[in-house]
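# Working through the structure, step by step
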Amino acid sequence: IAYSFCRSHLMHGTEETIKTLKSKGYSIAFLSSNPLVIMEQLKEILGVDFICGNELEFKNGFCTGRLTRKVDRYVKAEELEKIITKNSIPKSEVYVVGDSETDIPMAEYGIFISYNSKDEEVDKLAEGRVIKEKDLRKTLKFIA
């Protein structure tokens, strides 16, 4: 079910963007508060290197509706910091693509790109790197 959901809801240009970035040697992380089962499918479909997402509790094969791990804005930033530290990635080579205030804490770890945000603070933080179209390929013009 998660696989079918992901395939039918991929943002326009996602596969092409990931393929382009991977061909240039970039590692890709999807840090989200979406359920981890969704993030795992995106990792499989797109070849993403790192993921994190809310972990749902399952008992006897059924989802209880509770979380065993909640991923909020601060956890996303912590996960990004771990990836950067573990892989010795300089801040000048980290690009953070975000669309909401929950992505703001990650901005301190790299170059921030506002993608289709409806939040002025997010757009301002991007310092001109703002995309208002639903085509992920547009991010490539801001990435070295």
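These lines cover the structure that appears in this document, whether it is placed above or below. For clarity, every value in this text was computed on a predicted model and none was experimentally measured.

## Describing the environment of Pro35
With respect to the element layout, Pro35 can be found in strand E1 (residues 29-35). Classification of Pro35 by relative accessible area gives partly exposed; the value is 26%. With 19 residues separating them along the chain, Pro35 and Asn54 place their C-alpha atoms 4.6 Å apart. Beyond its immediate chain neighbours, meaning those up to four positions away, Pro35 contacts Asn54 and Leu56.

## Section: the pairing of strand E5 (residues 111-115)
For E5, a buried count of four out of five residues is recorded, marking the element as mostly surrounded by other parts of the structure. Relative to E5, strand E4 (residues 95-98) runs parallel, the two being bridged by four bridges. Paired with Tyr95 across the bridge in E5 is Ile111. Bridge count between E5 and strand E6 (residues 130-131): two bridges; the pairing is parallel.

## A word on the sheet that holds E5
Pairing is parallel in the open sheet, where three strands are placed in the order E4-E5-E6. Only two strands of the sheet have a single partner each, and these edge strands are E4 and E6.

## Section: the sheet that holds strand E3 (residues 62-69)
As summarised here, the arrangement of the three strands in space is E1-E2-E3, forming an open sheet in which the pairing is mixed. The sheet terminates laterally at E1 and E3, the two strands that pair on one side only. Across this sheet, the average inter-strand angle for adjacent strands is 35°, counted without regard to direction. Running over the sheet, helix H4 (residues 73-86) touches E1, strand E2 (50-59) and E3 and is turned about 155° from E1.

## Quick word on the side chain of Asp103
Checked against the element boundaries, Asp103 lands in the loop between E4 and E5. Judged by its relative accessible area of 6%, Asp103 falls in the buried class. If near-sequence neighbours (up to four positions away) are discounted, Asp103 is found in contact with Lys76, Gly98 and Phe112.

## Considering the environment of Cys52
Looking at the element boundaries, Cys52 is found in strand E2. Judged by its relative accessible area of 2%, Cys52 is buried. For the pair Cys52 and Gln41, spaced eleven residues apart in sequence, the C-alpha separation works out to 12 Å.

So, how was this worked out
Residues numbered from 1 in each chain as written. Predicted model: local features only at pLDDT ≥ 70, side-chain atom pairs only at ≥ 80, totals over all residues. Heavy atoms only, no water. Helix = DSSP H or I, 4+ residues; strand = E, 2+ residues; numbered from the N terminus. Buried < 20%, exposed > 50% of the residue type's maximum accessible area, 1.4 Å probe, protein only. Contact = heavy atoms within 4.5 Å. Pairing = 2+ DSSP bridges. Axes fitted to C-alpha atoms, helices over the stretch in contact; angles between N-to-C directions.

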